[in-house]
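Take a look at the letters that make up each chain.
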Amino acid sequence: MRIDKFVSEQAGVSRSDAKAMIKKSEITVNGAVVKTADAKIDPERDIVAVRGKALSYKQFVYIMLNKPQGVVCATRDGLSSTVLELIPEELRRKGLFPAGRLDKDTEGFVFITDDGALAHKMLSPKNHIEKEYAVTLEKPAEERYIELFSAGITIDGGEKCLPARLIMTEKSDVVRLVLHEGKYHQVKRMMEAVGNKVTHLRRVRMGGILLDESLSSGECREITGEELSELFKNA
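Residues numbered from 1 in each chain as written. Predicted model: local features only at pLDDT ≥ 70, side-chain atom pairs only at ≥ 80, totals over all residues. Heavy atoms only, no water.

Participant: Quick question: what am I supposed to make of helix α5 (residues 186–193) here?
Facilitator: The α-helix winds at 3.6 residues per turn, so residues separated by three or four positions along the chain end up facing the same way. Of all eight residues making up α5, six are buried, and the element is well covered by its neighbours. Just downstream of α5 lies Gly-195, where phi reads positive at about 90°. (Buried < 20%, exposed > 50% of the residue type's maximum accessible area, 1.4 Å probe, protein only. Helix = DSSP H or I, 4+ residues; strand = E, 2+ residues; numbered from the N terminus.)

Now the structure itself:
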């Protein structure tokens, strides 16, 4: 791999920035200063450092973000802050995007990666990755919701949803809802179909990965290899 491409991908900078670093003798490979941007390296074996700090090679990164309200699940937006703006510099790199979206006013687990193949598999309807939400309602939940949701709710416009699992909690106005699809404003529309309204919505699980409760709103961390193996557990 070309050294400028490696630095661009692993350090989250542009190729032109990487080339500028090389001109300033700020990049070394195995301790030797790199002279040209087209110099070839072995990402698995060579030690590349920028300004004396070694870059660890990762083909892809997988990030769990606890999204706050008011932030958009997009790579860029002209009006609102995006989830990518919340990623700290040490995890930031080119090609990151949210694999699956949350509404602007919905909080919780957003999966961010640069692994397009995995994201495609995650979002494919045939895999039915479970998404679990903590849902606060305007009015107390009714027992009849359990059967209605398990049969598949028909929302506005006559659109039929896949069967969903609704779990009552100790709080009468809070339920857990497990979905296998992601229609536009789906949870809100499903609740409206049974005569209730959502006042607060938070995604707490994707597949077999639970949102890390130690993450404050707006914080993120890398997903571990062990967690990643759990992603398709419930598919």
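Participant: It is not clear to me how the packing of helix α1 (residues 3–11) against helix α2 (residues 15–23) should be interpreted in this structure. Could you clarify?
Facilitator: To characterise two packed helices, one gives the angle between the axes of the helices and the distance between these axes. Interaxial distance between α1 and α2 falls to 8 Å at its minimum, and their mutual angle equals 120°. Handedness of the crossing formed by α1 with α2: right-handed. For the pair α1 and α2, the contacting residues are Ile-3, Asp-4, Lys-5, Val-7 and Ser-8 in the first and Arg-15, Ala-18, Lys-19, Met-21 and Ile-22 in the second. For the contact of α1 with α2, the per-class residue count stands at five nonpolar, one polar and four charged. (Axes fitted to C-alpha atoms, helices over the stretch in contact; angles between N-to-C directions. Left-handed = near helix turned anticlockwise from the far one by under 90°. Contact = heavy atoms within 4.5 Å. Nonpolar A, V, L, I, M, F, W, Y, C, P; charged D, E, K, R; others polar.)

Participant: Any chance you could explain unusual backbone geometry here in plain terms?
Facilitator: Excluding glycine, most residues fall at negative phi; most peptide bonds, likewise, are trans. Despite not being glycine, Asn-30 shows a phi value in the positive range, around 55°. Its place among the elements puts Asn-30 in the loop between β1 (27–29) and β2 (32–33). Of note in this structure, Arg-51 is not a glycine but carries a positive phi near 50°. Position of Arg-51 among the secondary structure elements: in the loop between β3 (48–50) and β4 (53–55).

Participant: Hey, could you run me through the confidence of the model for the protein in this one?
Facilitator: When pLDDT is low, close inspection of the predicted coordinates is not appropriate. On average, residues of the protein score 92 in pLDDT, and 99% of them are at 70 or above. Confidence scores differ between elements of the protein, with α1 showing the lowest mean pLDDT of 88 and strand β11 (residues 165–168) the highest of 98. (pLDDT = per-residue confidence, 0-100.)

Participant: Whenever I open this one, the environment of Ile-41 confuses me. Can you help?
Facilitator: With respect to the element layout, Ile-41 can be found in the loop between β2 and β3. Apart from the residues lying within four places of it in its own chain, the contact partners of Ile-41 are Met-1, Ile-3, Phe-6, Val-29, Asp-46 and Val-48.

Participant: What exactly am I supposed to notice about the sheet that holds β1 here?
Facilitator: Strand pairing within a sheet occurs via backbone hydrogen bonds; the two strands may be parallel or antiparallel. What the four strands build is an open sheet, ordered β2-β1-β3-β4; its pairing is antiparallel. With one partner strand each, in any of the chains shown, β2 and β4 form the two edges of the open sheet. (Pairing = 2+ DSSP bridges.)

Participant: What exactly am I supposed to notice about the nonpolar core here?
Facilitator: Burial of nonpolar side chains together is a common tendency in soluble globular proteins. Of all hydrophobic cores here, the largest spans 34 residues; its most connected members are Ile-112, Val-135, Phe-149 and Met-191. For this core, the secondary-structure elements that each account for two or more residues are β5 (62–67), β7 (107–113), β8 (131–137), α4 (144–151), β12 (174–179), α5 and β13 (198–206). Once residues within four sequence positions are removed from consideration, Phe-149 is found in contact with Leu-162, Pro-163, Ala-164, Leu-166, Leu-177, Met-190, Met-191 and Val-194. (Core = buried A, V, L, I, M, F, W, Y, C linked by side-chain atoms within 4.5 Å.)

Participant: What should I look at first to understand the packing of aromatic side chains in this one?
Facilitator: Any pair of aromatic rings gets described here by the distance separating the centres and the angle formed by the planes. All chains considered together, the criterion is met by three aromatic pairs. Plain terms: the ring middles of Phe-6 and Tyr-57 are 5.9 Å apart, the flat faces sit at 25° to each other, and that makes the pair stacked. With Phe-6 in helix α1 and Tyr-57 in the loop between β4 and β5, this pair connects stretches of sequence that are 51 residues apart. For Phe-6, a relative accessible area of 1% corresponds to the buried category. Note on Tyr-145 and Phe-149: the rings are 6.4 Å apart at their centroids and 55° apart in plane angle, and the pair reads as tilted. (Phe/Tyr/Trp six-rings, centres within 6.5 Å; stacked < 30°, edge-to-face > 60°.)

Participant: Can you walk me through the pattern of salt bridges in this structure?
Facilitator: Two side chains carrying opposite charge are able to pair once their charged atoms lie near each other. Summed over the entire model, instances satisfying the criterion amount to 20 salt bridges. Arg-144 is the salt-bridge partner of Glu-142, the closest N and O atoms lying 2.5 Å from each other. Given a relative accessible area of 40%, Arg-144 falls into the partly exposed group. A salt bridge links Arg-189 to Glu-159, with the nearest nitrogen and oxygen atoms 3.2 Å apart. Placement of Arg-189 in helix α5 and of Glu-159 in strand β10 (residues 159–160) is noted, with a sequence separation of 30 residues between them. By relative accessible area, Arg-189 is classed as buried at 14%. Classification of Glu-159 as partly exposed rests on a relative accessible area of 31%. One connected set of salt bridges, linked through shared partners, spans Asp-156, Glu-159, Glu-181, Lys-183 and Arg-189. (Salt bridge = Lys/Arg side-chain N within 4 Å of Asp/Glu carboxyl O.)

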